[in-house]
Amino acid sequence: MNVNAALYFIEQFFDVQKSYRACFLFAVLAWFLQVMALGTYDWMRAGSSSMGLWTYCNYTATDFKCCQTLTNFLGKQHKIPRMPTWLSAALVFEILGLVSSMIFVVSCIVLICISDPRLRKKAKVFNYIFSLATVIFVTIGVLVYWREYSSETWSSEARLSSSYGISATSGIIHLICFLLLFVSSDNSVHSLDEGRRWNGPVSAPGTKEFWEEILEHPTTPMHWTQFEGGYNVKKYLTLRDQCQTVEVTDQKELSAIQKLVNGTWESRFVGHGNIKVTGVERIENVDLWNNYIHERAKLIRSFLNNGRPYEKLENHSNRGSVFTARYMDTPLTGALYPELNEVYLFHGTKAVFVDNIMKKGLDPRRSADGTKMGRANYCAESSTKSDQYADYKQNSGLKMILVRMLLGWIFVAKDAQQFRMPPCSTCITDSCKNRNHKHYDSIVADLPDFREFIVYDADKCYPEYIITYKRC
Ligand SMILES: [Zn+2]
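Only a predicted model underlies this, so the values are computations on that prediction, with no experimental measurement involved. (Residues numbered from 1 in each chain as written. Predicted model: local features only at pLDDT ≥ 70, side-chain atom pairs only at ≥ 80, totals over all residues.)

Student: What exactly am I supposed to notice about the nonpolar core here?
Tutor: In globular proteins that are soluble, nonpolar side chains generally tend to be buried together. In this structure, Leu 345, Val 403, Met 405, Ile 443 and Ile 467 are the most contacted members of the largest nonpolar core, which totals 65 residues. Not counting residues up to four positions away in its chain, the partners in contact with Ile 443 are Met 373, Phe 411, Ala 413, Phe 419, Pro 422 and Ile 454. In this structure, Phe 24, Val 142, Ile 173 and Phe 178 belong to the second largest nonpolar core, which totals 31 residues. (Core = buried A, V, L, I, M, F, W, Y, C linked by C-beta atoms within 7 Å. Buried ≥ 20, exposed ≤ 12 C-beta atoms within 10 Å, placed from the backbone. Contact = placed C-beta atoms within 7 Å.)

Student: Which parts of the structure should I look at to understand helix H9 (residues 251–263)?
Tutor: Because each turn of an α-helix spans 3.6 residues, side chains separated by three or four positions in sequence point in the same direction. Between the first and last C-alpha of H9 there are 17 Å, a value that for 13 residues agrees with the 18 Å anticipated at 1.5 Å per step. Considered for burial, the residues of H9 that qualify are Ala 256, Ile 257, Leu 260 and Val 261. Along H9, the residues classed as buried sweep out an arc of 135 degrees about the axis, all on the same side. Opposite its buried face, H9 presents the exposed residues Gln 251, Lys 252 and Ser 255, each directed more than 90 degrees away. Elements in contact with the buried residues of H9: strand S5 (275–285), helix H11 (332–335), strand S6 (342–348), helix H13 (383–387), strand S8 (398–406) and strand S12 (461–471). (Helix = DSSP H or I, 4+ residues; strand = E, 2+ residues; numbered from the N terminus. Expected span 1.5 Å × (residues − 1). Arc of directions from axis to C-beta.)

Student: Sorry if this is basic, but what is going on with the UniProt feature "transmembrane region" (unreviewed entry) in the protein chain here?
Tutor: According to UniProt, the "transmembrane region" (unreviewed entry) feature falls on residues 22–41, 86–113, 125–146 and 166–183. For residues 125–146, helix accounts for 100% and strand for 0%, while the C-alpha atoms at its two ends are 32 Å apart. (UniProt positions renumbered as here; feature names shortened; annotations may be inferred.)

Student: When you look at the environment of Trp 198 in this model, what are you seeing that I'm missing?
Tutor: With respect to the helices, strands and loops of the structure, Trp 198 is situated in the loop between helix H7 (163–183) and helix H8 (208–216). For Trp 198, a count of 18 C-beta atoms within 10 Å gives the class partly exposed. Separated by 22 residues in sequence, Trp 198 and Thr 220 place their C-alpha atoms 9.6 Å apart. Not counting the four nearest positions on each side in its chain, Trp 198 is found in contact with His 217, Thr 219 and Gly 230.

Here it is in structure tokens:
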């Protein structure tokens, strides 16, 4: 057996919900009981075993003696040339039950190994079918046997093992498996057995209590489906697979993103007319999200301590508010906390890097040398700017990322300057040595052609959507 496949199965086994785990264990037990009940050919031949529905024994003066085979027993002892029809029928149903039980065990393994929820739903259908089929086959087999056995004259002197009781037990366990599958919810891959779902703050927005509620509930976003929204993100951190992408099919979510892309498009800057969104995927990455909300909590605490919200960009830049904010619709609007200067921005990249960003996030250490403001994460407020970073040889299947960014306390820079972190607010340098001075959280480079939005900490960005588009 392939060791890696076995290890993968074991890891998955501990990841899935309890009902699946129980179902698999029960399935194996039920299958084993069915094998025992039926008995193997070897057991029949050994003649010493009382196991198996088909091992017939007869009573001699001192002892029960088990026969070598059923045919022998019926033929030699009772001159019955063939098995009675009812016995053949019961045998057929018991064998069908065994086969179906075996397929059920395999489909339980498949169910545990699949992590895509849509595929899992389909795989579950097989589990329903084979658990129920086993119940039906075994029940018919046992009932036929139980009803007819006592009416046969030869059977009065033969002793049958208790294995048809074992077979009935196997049938009952299969029924339990079916019910377990039936009650297991498949709304998310990793549905949590413990903890309560949080539905958002109940205090009035903007109050101290409102922010404290948010700090107390570090949860996954409400609209997440792979790691069900509203649960403590830490509970998902123990999972092996912490990153999933989900195709966005919700029309509101989809059209809000399309509006953001098209609204911020400035064709005067580029050679081609426009771009058209052809697909959007949401990135659900537990690890990155956990880091992001940790940064967000720091900003919330800092502004609670200062007692006033972060200053708006429009107070320091002639170009006004963040461009994307002007084309924002629900549900995107509701997902942000503008008090923290939390914004949606675009990050342009070649399609080949998307997978890496999705799994590991945007990383300042990977940014190129010679960038305008030093090594950092750069994002743009217009889709035009991001499109410039996509592959120029291609026209379709291009990708850009819609990133959530925490700007917090913004330093507006009027010219390019190399920084390693946002500057100190007093000395306006990143090499400030005064421990009492505070640093800005982000930089907006207000340069002649475009504004650039820059953070130096990877965790102040969360890559949230992969937008696939074509140029037209
Ligand atoms: Zn300073």
